[in-house]
Amino acid sequence: YFAEEVRRQLKARYGEESLYQGGLAVRSTVNPRLQAIAADALREGLTAYDRRHGYRGPVAQITNTADWQDKLKETKKPNGLLDNWKMAIVLSTGTERAEIGFENGQKSHIPLEGVKWAREYLNEGYAQGPAISAVNDVLSKGDIIMVSYDTDNSRYELQQIPEVQGGVIAMDPHTGRVLAMQGGWKYGVFEQFNRATQAQRQLGSAFKPFVYLAALVNGFTPATLVLDAPFVIEDRPGHFWSPTNYSNEYYGPTPIRVGVEKSRNLMTVRLADYLGMDIIVDIAKRFGVDEDMQPHLANSLGAGETTLVKMVSAYAV
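The following paragraphs examine the structure supplied in this document. Starting from 1, residues in each chain are numbered consecutively following that chain's sequence as written. Residues qualify for local features only when their pLDDT is at least 70, as the model is predicted, and side-chain atom pairs are given and counted only at 80 or more; totals for whole chains, interfaces and linings, by contrast, use all residues. Side-chain measures here rest on the full set of heavy atoms in the structure, leaving out hydrogens and waters.

### Quick look at the pairing of strand S10 (residues 225-228)
What counts is decided by this rule: Each residue's exposure class comes from its accessible area (1.4 Å probe, protein chains only) as a fraction of the maximum for that residue type: buried when under 20%, exposed when over 50%, partly exposed otherwise. Numbered from the N terminus, helices here are DSSP runs of H or I no shorter than four residues, and strands are runs of E no shorter than two. What makes two strands pair is DSSP finding at least two bridges between them.
Residues Val-226 and Asp-228 line the buried face of S10, whereas the alternating positions Leu-225 and Leu-227 sit on a face that is not buried. Of the strand pairs in this sheet, S10 and strand S13 (residues 252-255) are connected by four bridges, and their pairing is antiparallel. Along S13, the bridge assignment pairs Leu-227 with Pro-253.

Encoded structure:
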C-alpha cells in the first residue's frame, strides 16, 4: 500500500513517462519495522471485530474425501489469504479435535480451543449462535478451511478473512513523515484500494477537538462553563434537529476541558452554534481536515467526510 501510494504521487507529479523511463531514484519515509507492526495490528483488529460477528462457514465443501489432496489443490484460494495461512481439508471430526490434511499430503489436527471463537454467524449485528462446546459443532468432514499455526500454544487454529476493512497510518508529528501505512487487509491483484488515503469516511467524534480549538482561539478557556442541556434547532422548515449525548443524559454547566474529555455532543454543538459554523469550517480548512466542509451544524459532530491521512495529519499538527 505504501509503495503504491508513492507510485501514485510520483505519477501525478512527474508524469508516466518520467516515472517509468526517467531513471528516478526515490527515497521514502517508511520504516519497515513499523510497517510490519502496523499491518499486524490492523489485521488483529479486523480479525477481532470480524470474530465478534461469528463464523460464516468453510471456503468449500466436498462430499467424497477419497482423493482429498487433489480436491484441495483444485480449490481456488480466497483473495486475502495471508502468507502464513494454509488451506486444509477436514478429514474427520470429534468432540475434542478434528483431523485435517494439507496440499502436500501431511496431516495434523485442530483442537477445540482452535475453533471456540467460531460461533454461528446470524446477522450483521452482534447476534451469534450458541457457545462452541465441541469441534464438530463447527467443522464437518469435507470442509475446506483456512488455518494458521499458533506457535505460542502449539496448535492449529481456524481462520476466516474478515469482511470488514480498515486502514492505519503512523506519522511522526514533528516532521510529518509517514512511517507506516496499511490501507486494508492485504494488498494484491484484486485489492489495491487504499483506505488510508482514498476512502472518504465520516469524521464522527474525532472532529470535536477542532470545535473546542475554535473556542479556545476565540476567547474561551479550558475552565469556561458551557451548558450541557437539551438543544433543538429548526434546520429546515417544519423539521427540528435535536442531538443527544451518547449517555442520553444531561449534565448542566460543564467546563470545556470536561466536554472534550467526555466527548459531549450537546456541549460541542452548543459551542458551534454560539461561535458560528463559519469559524469551525475555517479551522477544518486550515488544518486540512476537509477543504469543502459546509457550514451545517451537524458537521460540528463529525457528519462530514474526509480521509484517514488528512485526519492523522491534522492531529499531528
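### Let's talk about helix H7 (residues 265-275)
Judged by how many residues are buried, H7 sits mostly within the fold: nine of eleven residues are covered. Within H7, burial applies to Asn-265, Leu-266, Met-267, Thr-268, Val-269, Arg-270, Leu-271, Ala-272 and Leu-275. Of the residues trailing H7, Gly-276 is marked for its positive phi of about 100 degrees.

### Side note on the layout of surface pockets
A probe as big as a water molecule, rolled over the atoms, marks out the empty space that is left. Spelled out, the test is: Buried and open spaces are told apart on a 1 Å grid over the protein atoms alone, a cavity being a set of points where a 1.4 Å probe fits but cannot get out and a pocket being an open set with protein on both sides within 12 Å along at least five of seven lines. Residues with an atom within 4 Å of a point are the lining residues. Grid points are joined across faces, edges and corners, and a volume is the space filled by probe spheres set on the points. Polar here means any residue other than Ala, Val, Leu, Ile, Met, Phe, Trp, Tyr, Cys and Pro, which are nonpolar, and Asp, Glu, Lys and Arg, which are charged; Gly is therefore polar.
Computed from the structure, the largest pocket encloses a volume of approximately 410 Å³. Considering the residues around the largest pocket, the lining is formed by 17 residues, among which Phe-2, Glu-5, Val-6, Gln-9 and Thr-29 are closest to the centre. Only helix H1 (2-14) and strand S8 (178-182) provide two or more residues apiece to the lining of the largest pocket. The element contributing the most residues to the lining of the largest pocket is H1, with seven residues. For the lining of the largest pocket, the class distribution of residues is ten nonpolar, four polar and three charged.

### Topic: the pairing of strand S11 (residues 233-236)
Judged from the three bridges that link them, S11 and strand S12 (residues 239-241) form a sheet pairing that is antiparallel. Residue pairing across strands places Ile-233 opposite Trp-241, the latter belonging to S12. A loop of two residues connects S11 with S12, the two strands running antiparallel in sequence, and Gly-238 in this loop sits at a positive phi of about 80 degrees.

### As for the packing of aromatic side chains
Cut-off, in case you're wondering: Geometry of aromatic contacts follows a simple scheme: Phe, Tyr and Trp rings, the Trp one being its six-membered ring, pair when their centres are within 6.5 Å, and the pair is stacked under 30 degrees between planes, edge-to-face over 60, tilted otherwise.
Overall, the coordinates contain ten aromatic pairs when judged by the stated rule. With a centroid separation of 5.0 Å and an interplanar angle of 70 degrees, the aromatic rings of Tyr-149 and Tyr-156 are classed as edge-to-face. On the basis of relative accessible area, Tyr-156 is assigned to the buried category, the value being 12%. For the ring pair Phe-207 and Phe-210, a centre distance of 5.7 Å and an interplane angle of 25 degrees mean the geometry is stacked. Residue Phe-207 is classed as buried on the basis of its relative accessible area of 0%.

### Topic: the side chain of Arg-264
Put simply, the rule reads: Every residue pair with non-hydrogen atoms within 4.5 Å of one another is taken to be in contact.
Checked against the element boundaries, Arg-264 lands in the loop between helix H6 (256-262) and H7. If sequence neighbours within four positions are ignored, Arg-264 has contacts with Lys-208, Tyr-212, Asp-228, Asn-245, Tyr-251, Thr-254, Val-258 and Gly-259.

### Describing the nonpolar core
For soluble globular proteins, nonpolar side chains are generally found buried alongside one another. Note the cut-off: To define a nonpolar core, start from buried Ala, Val, Leu, Ile, Met, Phe, Trp, Tyr and Cys residues and group those joined through side-chain atoms within 4.5 Å.
Phe-207, Phe-210, Ile-256, Leu-271, Ile-280 and Val-289 are the most contacted members of the largest nonpolar core, which totals 28 residues. Listing elements by their share of this core, those giving two or more residues are helix H5 (208-216), H7, helix H8 (277-286) and helix H9 (308-316). The element that contributes the greatest number of residues to this core is H7, accounting for six residues. Residues contacting Ile-256, with those up to four places away along its chain left out, are Tyr-212, Ala-215, Phe-220, Thr-221, Pro-222, Thr-224, Val-226, Met-267 and Leu-271.

### Quick notes on the packing of H5 against H7
Put simply, the rule is: Every axis corresponds to a line fitted to the C-alpha atoms, with the helix fit spanning only the stretch in contact, and the corresponding angles, defined between N-to-C directions, vary from 0 to 180 degrees. Each angle gets one of four labels, with under 35 degrees taken as roughly parallel, over 145 as roughly antiparallel, 65 to 115 as roughly perpendicular, and the rest as oblique. Crossing chirality is assigned from the near helix's rotation relative to the far helix, an anticlockwise turn below a right angle marking it left-handed and a clockwise turn marking it right-handed.
Contact pair H5 / H7: the axes reach a minimum separation of 10 Å and the direction vectors enclose 45 degrees. The orientation of H5 relative to H7 falls into the category oblique. As H5 runs across H7, the sense of the crossing is left-handed. Residues Lys-208, Val-211, Tyr-212, Ala-214 and Ala-215 of H5 form the contact with H7, whose participating residues are Asn-265, Met-267, Thr-268, Leu-271, Ala-272 and Leu-275. In terms of residue class, the contact of H5 with H7 is built from eight nonpolar, two polar and one charged.

From the geometry alone we can't say anything about function, so treat these as descriptive.
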